[in-house]
Amino acid sequence: MALTLFTTPLIKTLLRTGSLLFLKLKGWRVEGSLPADGQRAVLIAAPHTSNWDLPYTLMVAFALGLNIRWMGKASLFRAPFGPVMRWLGGIAVDRSQSNNLVAASARALREAPQAFQLIVPPEGTRSRTRYWKTGFYYIALQAGVPIVMAYMDYSERRSGLGPVFVPSGNIEQDMVAIKAFYAPFKGRHADQFQA
């Protein structure tokens, strides 16, 4: 597993302190904690409506003591920013190709030498979308790990970890329950999020 800012000892401590201070000054509340069975998990990142979601997500991850990796579009990883994005925990996703991202992600979760949480935005974009992508669900199912419902509510300035959801394999039924949890949350651009 590659070195990220979440696994760099001194920087991790400094950034956690800085994140807690910044979030407090901005009036944000960080809620919840990672359950014992969530050390290896898929975290849903919703709503995802703004570029600001990434820095806030990183700060909340530091505040909660998480070791995250997150998926982002491949264009974020082009030179000269690629190494920085990977150090921030990013994993490039090339949406123009059909590669077996679900199987590779599930294998990475199962075989990781240390605990980590994979963050996946189900909308797959910051733009308004009618349907959620289901990759997060199948990654968790194939890896045999739970889904932790992480959220960011800009209207109330709160972010954190909600309940743990164990996929049953009945995706239609499970997606109804997952989306019901996210229905009250508002993204930075609330009109672009539909649970």
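What this report covers is the structure whose coordinates are included nearby. Not measured: the values here are computed from a predicted model.

Of regular secondary structure, the protein possesses six helices and seven strands. Starting at the N terminus, the α and β elements of the protein follow one another as α-β-β-α-β-α-β-α-β-α-β-β-α. Taking all 195 residues of the protein together, the buried fraction comes to 45%. Excluding contacts between residues fewer than 6 apart, the proportion of contacts in the protein whose partners are at least 24 apart in sequence is 73%.

A cis amide bond links alanine 46 to the next residue, proline 47, at an omega of -10°. Locating proline 47 in the fold gives a position in the loop between β2 (41-46) and α2 (53-64). Proline 80 follows alanine 79 through a cis peptide bond whose omega is 5°. Mapped onto the elements, proline 80 comes out in the loop between β3 (68-73) and α3 (82-87).

Cut-offs used in this document
Residues numbered from 1 in each chain as written. Predicted model: local features only at pLDDT ≥ 70, side-chain atom pairs only at ≥ 80, totals over all residues. Heavy atoms only, no water. Helix = DSSP H or I, 4+ residues; strand = E, 2+ residues; numbered from the N terminus. Buried < 20%, exposed > 50% of the residue type's maximum accessible area, 1.4 Å probe, protein only. Contact = heavy atoms within 4.5 Å.

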